[in-house]
Amino acid sequence: MKKKEVVLSLALAGVMAMGTSVFAEDAAEKKSLKIGMSWAILDDGQTNLTNAIKKCFDENYPDYEIEYTLTNADGDIATLISDVESQIAKNPDMIYIMNSVGDTGIIPAIEACVEADIPVGIGVAIEGEAPYTYLYEGFSQYACGQMQAEYMEKIYDENTEYKVACITGDAGNTAGQARTQGFKENFVDKYDNVELVIEGEGNWSTDDSQGLAEDWLISHPEINVIACVNDDEAQGVINACQAAGREDVIILGIDANDVGKGNVESGDQAVSVGIDFYSVASACADAMVECAEGKMEGTGNEVLLTTENLYTLERE
């Protein structure tokens, strides 16, 4: 798989345009940092987070010249490990891995960073121990599904039989699994009149989720709730329900991206759980800089920050 790599310099264009002598003086005063960022998958949500991190670098650190190298593994664990190895070769001040695929499979890459004496942060908790410098979780993936469940409790009717289908992400993505678990444990498992009929992998994709929903509406016409782990999947379900003439299905999404917002506003989607990416990004950017400056020595496997930073958009 071809690796997508973008190198972005965050030096301010206005400073560069001010002339050689002034630039040289300002450059001497600025502190330079190199940060490697390896993303498991750069979907809409992670793209929003990345853009917000860049904005926070600019706004929160005007006295720094921060250069980061961003890689996207497109959901493939082998590519993610290779991306981290390419980051190590650039000898950055720190490497941040958004390891939403592979779980413990990413440990060799973490160990390689440590061996190269490069501080490393990760974005998703893994089972077992690993020598990363810090774990940053900007929000709870589980809580995303839990908030879908809270919406269902708002509209809950004890006289209704809820026949639920869940579309997860993919087998290697712990974020999607946590989102689905949060929904099931807080709604499906909680009430006697709620039944999980079927579950399948939508791979965070509109097309894959549409195919699942089309099949399920034929094989399990009793389904009246479909919970998805992002809004792109929810769009696929909407497409399938509209084609089948099913207006009774309650469709749940996560991310509150432009697709989700539009579908909630139109009434095609019941709810989307949104993420305050700027709040998440600001703290994440701070953590990266502190790590790059060696201020996190001894933090070990401590969770640096876990915040909800979540809200819901609900159909009127």
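From a predicted model like this one, the values you see are computed outputs, not experimental measurements.

Reading the values: rules and limits
- Residues numbered from 1 in each chain as written.
- Predicted model: local features only at pLDDT ≥ 70, side-chain atom pairs only at ≥ 80, totals over all residues.
- Heavy atoms only, no water.
- Buried < 20%, exposed > 50% of the residue type's maximum accessible area, 1.4 Å probe, protein only.
- Helix = DSSP H or I, 4+ residues; strand = E, 2+ residues; numbered from the N terminus.
- Pairing = 2+ DSSP bridges.
- pLDDT = per-residue confidence, 0-100.
- Contact = heavy atoms within 4.5 Å.
- Core = buried A, V, L, I, M, F, W, Y, C linked by side-chain atoms within 4.5 Å.
- Axes fitted to C-alpha atoms, helices over the stretch in contact; angles between N-to-C directions.
- Parallel < 35°, antiparallel > 145°, perpendicular 65-115°, else oblique.
- Left-handed = near helix turned anticlockwise from the far one by under 90°.
- Nonpolar A, V, L, I, M, F, W, Y, C, P; charged D, E, K, R; others polar.
- Expected span 1.5 Å × (residues − 1).
- Arc of directions from axis to C-beta.

Peer 1: Give a detailed account of the pairing of strand β9 (residues 225-228), specifying residues and quantitative values.
Peer 2: Along β9, one buried face is formed by Val-225 and Ala-227 and the opposite face, lined by Ile-226 and Cys-228, is buried too. Sheet topology note: the strand β7 (residues 162-168)/β9 ladder contains four bridges and is parallel. Bridge assignment links Cys-166 to a residue of β9, and that residue is Ala-227. In the sheet, β9 pairs with strand β10 (residues 250-255) via three bridges, with the strands oriented parallel.

Peer 1: Which residues make up the confidence of the model for the protein chain, and what values go with them?
Peer 2: Per-residue confidence for the protein chain gives a mean pLDDT of 87; residues scoring 70 or more make up 88%. The low-confidence segment residues 1-25, where pLDDT is below 50, has 38 contacts with residues more than four positions distant or belonging to other chains.

Peer 1: So, the nonpolar core: which residues are in play, and what are the values?
Peer 2: Trp-39, Ile-53, Phe-57, Tyr-96, Tyr-134 and Met-288 are the most contacted members of the largest nonpolar core, which has 40 residues in total. Taken together, the elements giving at least two residues each to this core come down to β2 (31-39), α3 (44-60), β3 (64-72), β4 (94-98), β6 (134-137), α6 (141-154), β11 (271-275) and α11 (277-292). With 11 residues, α11 is the largest single contributor of residues to this core. Grouped together as the second largest cluster of nonpolar side chains are 21 residues, Leu-80, Ile-81, Val-120 and Tyr-132 included.

Peer 1: An account of the packing of helix α8 (residues 206-219) against helix α9 (residues 231-244) is requested, with residue identities and associated values reported.
Peer 2: Relative orientation of the contacting elements α8 and α9 amounts to 40 degrees, with a least axis distance of 7 Å. When the axes of α8 and α9 are compared, the pair comes out oblique. Note on packing geometry: the crossing formed by α8 with α9 is right-handed. Packed against α8, whose contacting residues are Thr-206, Ser-209, Gln-210, Ala-213, Glu-214 and Leu-217, the element α9 presents Asp-232, Glu-233, Gln-235, Gly-236, Val-237, Asn-239, Ala-240, Cys-241 and Ala-244 at the interface. Here the contact of α8 with α9 is built from residues that sort into six nonpolar, six polar and three charged.

Peer 1: Outline α3, supporting the account with residue identities and numerical values.
Peer 2: For α3, with 17 residues, the first-to-last C-alpha span of 24 Å sits near the 24 Å given by 1.5 Å per residue. When α3 is considered as a whole, its buried residues turn out to be Gly-45, Gln-46, Leu-49, Thr-50, Ala-52, Ile-53, Cys-56 and Phe-57. One side of α3 carries all its buried residues, which in axial view fall inside an arc of 165 degrees. Against β2, β3, β4 and α11 lie the buried residues of α3.

Peer 1: Give a detailed account of unusual backbone geometry, specifying residues and quantitative values.
Peer 2: In this structure, Asp-74 takes a positive phi of about 55 degrees despite not being glycine. With respect to the helices, strands and loops of the structure, Asp-74 is situated in the loop between β3 and α4 (77-89). Asp-74 gets classed as partly exposed once you look at its relative accessible area, which sits at 33%. Here the phi dihedral of Asn-203 falls at roughly 55 degrees; this positive angle occurs in a residue that is not glycine.

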